[in-house]
Amino acid sequence: MNLIDTHTHIYQPDFDTDISDVILRAQQKGISKLLLPNIDVESIERMHALRDKYPQICYPMMGLHPTSVTESYQSDLETIKVNFKKQEYIAVGEIGIDLYWDKTFIEEQKKAFIEQLNWSIEFDLPVVIHNRDAFREVIECIEQVGKEKLHGVFHSFGGEKEELETILSLENFMVGINGVVTFKNSKLRDYLDLFPLNRIVLETDAPYLSPVPYRGKRNEPAYLEQIVGELAKIYNLFPEIIAENTTRNAINLFKFNK
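Overview of the structure. Values in this document were obtained by computation on a predicted structure and should not be read as measured data.

### Some details on helix α2 (residues 44-53)
Here α2 has its buried residues at I44, M47, H48, L50 and R51. Mapping the buried residues of α2 onto a view down its axis gives an arc of 160 degrees, with all of them on the same face. Facing away from the buried surface of α2 by more than 90 degrees, the exposed residues are E45, D52 and K53. On its buried face, α2 sits against α1 (19-28), β2 (31-36), β3 (58-60) and α3 (73-82).

### Some details on the sheet that holds strand β8 (residues 200-202)
In spatial order, the strands read β4-β5-β6-β7-β8; together these five strands make up an open sheet with parallel pairing. In the strand order of this sheet, the two ends are held by β4 (92-98) and β8, each with one partner. Neighbour-to-neighbour, the strand axes of the sheet open up by a mean angle of 30 degrees, direction not taken into account. In the packing of helix α4 (residues 106-123) onto the sheet, contacts are made with β4 and β5 (127-132), and the angle to β4 comes to roughly 150 degrees. Where helix α8 (residues 224-235) meets the sheet, it contacts β7 (173-177) and β8, and its direction lies at approximately 150 degrees from that of β8.

### A look at the nonpolar core
Residues I10, F154, I177, L192 and L231 are the most contacted members of the largest nonpolar core, which totals 72 residues. The dominant element in this core, judged by the number of residues it contributes, is α8, at seven residues. Residues I4, V128, M174 and L253 belong to the second largest nonpolar core, which totals 12 residues.

### Let's talk about a nonpolar patch on the surface
Where nonpolar side chains cluster on the molecular surface, the patch consists of L237, F238 and I241 and spans about 290 Å² of accessible area. Turning to its location among the elements, L237 is positioned in the loop between α8 and α9 (239-253). On the basis of relative accessibility, which here comes to 34%, the residue L237 falls in the partly exposed class.

### Remarks on the pattern of salt bridges
A complete count under the given rule lists 14 salt bridges for this structure. Residues E107 and K110 are paired through a salt bridge, measuring 3.8 Å at the closest nitrogen-oxygen approach. You can see E107 and its partner K110 sitting in helix α4, three residues apart, about one turn around the helix. Looking at K110, the relative accessible area reads 22%, which means it is partly exposed. Among the ionic contacts, a cluster of salt bridges with common partners joins D18, R25, R218 and E220.

Basis of the calculations
- Starting from 1, residues in each chain are numbered consecutively following that chain's sequence as written.
- In keeping with the model being predicted, local features are shown solely for residues with a pLDDT of at least 70 and side-chain atom pairs are shown and tallied solely at 80 or more, while totals for entire chains, interfaces and linings include all residues.
- Derived side-chain values reflect all non-hydrogen atoms in the structure, with water molecules and hydrogen atoms excluded from consideration.
- Working definition: with a 1.4 Å probe on protein chains only, accessible area under 20% of the residue-type maximum means buried, over 50% means exposed, and in between means partly exposed.
- Helix and strand assignments follow DSSP, with helices taken as H or I runs no shorter than four residues and strands as E runs no shorter than two, numbered in order from the N terminus.
- The directions considered for the arc run from the helix axis to the C-beta atoms.
- We call two residues in contact whenever any of their non-hydrogen atoms come within 4.5 Å of each other.
- Strand pairing is assigned whenever DSSP detects at least two bridges linking the two strands.
- Axes, fitted as lines to C-alpha atoms, cover a helix only where it is in contact. Angles between the N-to-C directions of the axes lie from 0 to 180 degrees.
- By convention a nonpolar core is built from buried Ala, Val, Leu, Ile, Met, Phe, Trp, Tyr and Cys residues, the set being connected through side-chain atoms within 4.5 Å.
- Patch construction takes residues with relative accessible area above 30% that form no salt bridge. Like charges are linked within 9 Å, and nonpolar side chains (Val, Leu, Ile, Met, Phe, Trp, Tyr) are linked within 5 Å.
- Per-residue and other accessible areas follow the Shrake-Rupley method at a 1.4 Å probe size, with only the shown protein chains counted as cover for residues.
- Any carboxyl oxygen of Asp or Glu within 4 Å of a side-chain nitrogen of Lys or Arg constitutes a salt bridge here.

If you want it as structure tokens, here you go:
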């Protein structure tokens, strides 16, 4: 199978001691591309360093994660945006709104999100959206910028059926499915098959959200096969068909075919 992990943070310190083994295990599982979402100003150098070491498999994004938004967000955005003129990226990400941990900077998060959504239009790149307890706010920002002008993916989707239906109405957007779909208490398996397979991409979000049977352990791209297996059950298709479709979706979304 040819697979693409569309969202993995393997440039983080969690992988410093065995990154070469992590990438080798991913390749042995048929993973041909690892897409790296940026988090903040401090993570840029580490992400670039991993891309430089493994340029044939690692592809970076650029953006400011919502939980990294503070009162100095505008300065951080200026620093981050400069990189688009120096480097090539496959997306604007990881961006969005997160109200789960802290609502202190909710207005700053919205402004930062909207500004980065506009980067997507300016640089003709997809957006990779982080949403946690903020689905309504995320949709409002997308509509404010112009949903017909944007394209991208709702990363780590695990929301309610109504949220999935809303995303379905956003014709230019896909959903990223990761280990959450394997969790025992996840309701996602009950209605995910309502969403067309041609709008789903795979991700791990490593080192987070390890799929069953690896819950509680560090996640890594090689575990993508667990997500493929679960989707095969949900859609009643062979794993090879899931792999073929989701890989094609990722290639089209992130413009690897150009």
